[in-house]
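The primary structure of each chain is shown beneath.
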Amino acid sequence: MANSKRTLFLKRRLRVRNKLRKMANGRPRLSVHRSNKNISVQLIDDVNGVTIASASSLEKDFGMVGKNNVEAATKVGAAIAERAKAAGVENCYFDRGGFLFHGKVKALADAAREGGLKF
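Our subject in this report is the structure included herewith. Please read these numbers as outputs of a predicted model, since none were measured by experiment. Sequence order as written defines the numbering, with residues in each chain counted from 1. For a predicted model such as this one, the threshold for reporting local features is a pLDDT of at least 70, and the threshold for listing and counting side-chain atom pairs is 80 or more; totals across whole chains, interfaces and linings nevertheless cover every residue. Side-chain numbers come from the whole structure's heavy atoms, not from hydrogens or water.

1. Quick look at a positive patch on the surface
- Note on patches: the residues involved have over 30% relative accessible area and no salt bridge, like charges join within 9 Å, and the nonpolar side chains Val, Leu, Ile, Met, Phe, Trp and Tyr join within 5 Å. Methods summary: accessible areas were calculated by the Shrake-Rupley approach with a probe of 1.4 Å, and residue burial reflects only the protein chains presented. For this analysis, a salt bridge means a side-chain nitrogen from Lys or Arg found within 4 Å of a carboxyl oxygen belonging to Asp or Glu. In this tally, Asp and Glu contribute negative charge and Lys and Arg positive charge; neither His nor the terminal groups of the chain are included. Just so you know, the charge point we use is NZ for Lys, CZ for Arg, CG for Asp and CD for Glu. A surface patch of positive charge is lined by K11, R15, K19 and K22.
- Within the secondary structure, K11 sits in helix α1 (residues 5-22).
- Burial classes: relative accessible area under 20% of the type maximum marks a residue as buried, over 50% as exposed, and values in between as partly exposed (1.4 Å probe, protein chains only). We classify K11 as partly exposed; its relative accessible area is 47%. Helix and strand definitions follow DSSP, with helices as H or I runs of at least four residues and strands as E runs of at least two, each counted in order from the N terminus.

Here it is as structure tokens:
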């Protein structure tokens, strides 16, 4: 019997997170979530269990509420890089979850790298 898209997504998410957890070395995790209408990202300190910074296309400052496109992902990536620097974080690791690294997720990562985050 064939696996459903959801099952494959969950397997991929577990595989990615388990590999990243092994090489974390105390660095915060930049976790991406992409829905049909929005994209959001959080910088999470897994050691203390707190969110250091976050950004989302739902924020009215961006003017992108309800839009989930490459332009919105780029703005969110630049915003998270700026907020991470303000919080004193330069190094992190990128957790794409179960999402494939292309399109919106790649645009977000590239914008965060241009903003000064290293991963």
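Next comes the rest of the description.
2. Some thoughts on the pairing of strand β2 (residues 39-45)
- A large share of β2 lies buried, amounting to five of its seven residues.
- Where strand β1 (residues 29-34) lies against β2, six bridges are found, and the strand directions are antiparallel. Paired with L30 across the bridge in β2 is L43.
- The turn linking β1 back onto β2 is made up of four residues.
- Sheet topology note: the β2/strand β3 (residues 50-56) ladder contains six bridges and is antiparallel. Residue pairing in the sheet places D45 in a bridge with V50 of β3. Paired strands are those between which DSSP finds at least two bridges.

3. Some points on the sheet that holds β3
- With mixed pairing, the four strands of this open sheet are ordered in space as β3-β2-β1-β4. This sheet does not close on itself; its edge strands, each paired only once, are β3 and β4 (93-95). Between one strand axis and the next, the sheet turns by 20° as a mean value, whatever way the strands run. Comment: axis = line fitted to C-alpha atoms, over the contacting stretch for helices; angle = value between 0 and 180 degrees taken between N-to-C directions.

Interpretation in functional terms is not warranted from these geometric data alone.
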